[in-house]
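Here's the letter readout for the chains.
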Amino acid sequence: MLVIARQIKAARSLIGWEQHELALNSGVAISTVRRLEGLNGVLGAHFSTIQKIRKAFECAGIEFIGDPNPGVRLKAPPD
């Protein structure tokens, strides 16, 4: 699934992360996080960079949803 810039912003908002926290948790440079969030639409970055960001969010409880309407939501807590 593709990740778009709005999903990154929405995911950060849901879990209360600032940009520097995303950078720290994903291992991606803060300048890259800022650049990606400034884009519109599909992220223009290396696949590995997007995977690092996605994995950091998923570990924090974010679920990426999409097609045809991309978004994010908090995962349901395990029963």
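Just above, that's the structure.
Okay, so let's go over this structure. Given the structure is predicted, the values throughout are model-derived calculations rather than measurements.

1. Some words on the pairing of strand 1 (residues 62–65)
Consecutive side chains along a regular strand alternate between the two faces of the sheet.
Thinking step 1. Of the two faces of strand 1, the one lined by Ile62 and Phe64 is fully buried and the one lined by Glu63 and Ile65 carries no buried residue.
Thinking step 2. Where strand 1 lies against strand 2 (residues 71–74), four bridges are found, and the strand directions are antiparallel. Counted as the bridge partner of Glu63 is Arg73 from strand 2.
Thinking step 3. Linking strand 1 back to strand 2 in an antiparallel pair, the connection comprises five residues, with Asp67 at a positive phi of about 30°.

2. Re the packing of aromatic side chains
Thinking step 1. Under the counting rule described, the total for this entry stands at two aromatic pairs.
Thinking step 2. When the ring of Trp17 is compared with that of Phe57, the centres are 5.6 Å apart and the planes differ by 25°; the resulting orientation is stacked. Of this pair, Trp17 sits in the loop between helix 1 (5–15) and helix 2 (19–26) while Phe57 sits in helix 4 (residues 47–59); the two residues are 40 residues apart in sequence, bridging distant segments of the chain. Take Trp17 and Phe57: they sit in the same class, and that class is buried.
Thinking step 3. By way of ring pairs, the aromatic residues Trp17, Phe57 and Phe64 are connected into one cluster.

The rules behind these values
- Residues numbered from 1 in each chain as written.
- Predicted model: local features only at pLDDT ≥ 70, side-chain atom pairs only at ≥ 80, totals over all residues.
- Heavy atoms only, no water.
- Buried < 20%, exposed > 50% of the residue type's maximum accessible area, 1.4 Å probe, protein only.
- Helix = DSSP H or I, 4+ residues; strand = E, 2+ residues; numbered from the N terminus.
- Pairing = 2+ DSSP bridges.
- Phe/Tyr/Trp six-rings, centres within 6.5 Å; stacked < 30°, edge-to-face > 60°.

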